[in-house]
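Here is how the chains run, residue by residue.
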Amino acid sequence: MRVVLMALGFVFLWCGIGQAQDVTEGELNAEMRYQGGQYVFHNDWQVESGDVTCDGYQDKVAGYVSHDNPEGSTFLMVVVTHEKGALVSEGVVTFFDSANQMGLCGNGEPPPKISLERLTQEETREMTGIDDACPVAIILEDGMCDLHYYFWVPDWEEDRKLIFFRN
């Protein structure tokens, strides 16, 4: 009996069935490098972990202030998750001192704060206009502008999973 249980355990591990779907630090590092470029490791990241995709597993949200863009300082935020067994990420670049709706009012000192907050499904629907958006909001706060809310919508569009909301 012990041999059968050990064999089943190896089968689960070999097939990937027994492996967790939580995003690892290594996967976050790889996606930050992919989204942010070769100098991403020179920046001081903020990292939040939580289930922002509502799939029951821990995702990672990371962000940092970048001074590399010739058009001005930006904040790069990246959400990393697993979807259907594949590693998926989406990055958002937000400019500082911008009159744009998606822009931040500050200059990056201090850096904006990333936080996660679970809202009700009704609040999420009111903000996004979408019924099946995950009600866990990724909030970006620079202390000067309205809060930026981002919601993950799994089946939204092929190239975009994050839906932006700002008052």
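**A closer look at a negative patch on the surface**
At step 1: On the surface, Glu117, Glu122, Glu123 and Glu126 cluster together into a negatively charged patch.
At step 2: When residues of the negative patch are assigned to their parent elements, the largest contribution, 3 residues, is made by helix H3 (residues 121-128).
At step 3: Given a relative accessible area of 73%, Glu126 falls into the exposed group.

**A word on the sheet that holds strand S4 (residues 86-95)**
As a general point, the strands of a sheet are linked pairwise by backbone hydrogen bonds and lie either parallel or antiparallel.
At step 1: Taken in spatial order, the 4 strands make up an open sheet running S1-S2-S3-S4, and their pairing is antiparallel. With one partner strand each, in any of the chains shown, strand S1 (46-50) and S4 form the two edges of the open sheet. Ignoring which end each strand starts from, the neighbouring axes of this sheet average 15° apart.
At step 2: Here 5 bridges tie S1 to strand S2 (residues 59-66), and the two strands are oriented antiparallel to one another. For Gln46, the partnering residue across the bridge sits in S2 and is Gly63.
At step 3: Sheet contacts for helix H2 (residues 25-36): S1, S2, strand S3 (74-83) and S4; angle to S3, the most-contacted strand, approximately 130°.

Calculation notes
- Residues numbered from 1 in each chain as written.
- Predicted model: local features only at pLDDT ≥ 70, side-chain atom pairs only at ≥ 80, totals over all residues.
- Heavy atoms only, no water.
- Patch = residues over 30% accessible without salt bridge, like charges linked within 9 Å, V, L, I, M, F, W, Y side chains within 5 Å.
- Areas by Shrake-Rupley, 256 points an atom, 1.4 Å probe, with all protein chains shown as cover.
- Salt bridge = Lys/Arg side-chain N within 4 Å of Asp/Glu carboxyl O.
- Lys, Arg positive; Asp, Glu negative; His and termini not counted.
- Charge placed at Lys NZ, Arg CZ, Asp CG, Glu CD.
- Helix = DSSP H or I, 4+ residues; strand = E, 2+ residues; numbered from the N terminus.
- Buried < 20%, exposed > 50% of the residue type's maximum accessible area, 1.4 Å probe, protein only.
- Pairing = 2+ DSSP bridges.
- Axes fitted to C-alpha atoms, helices over the stretch in contact; angles between N-to-C directions.
- Contact = heavy atoms within 4.5 Å.

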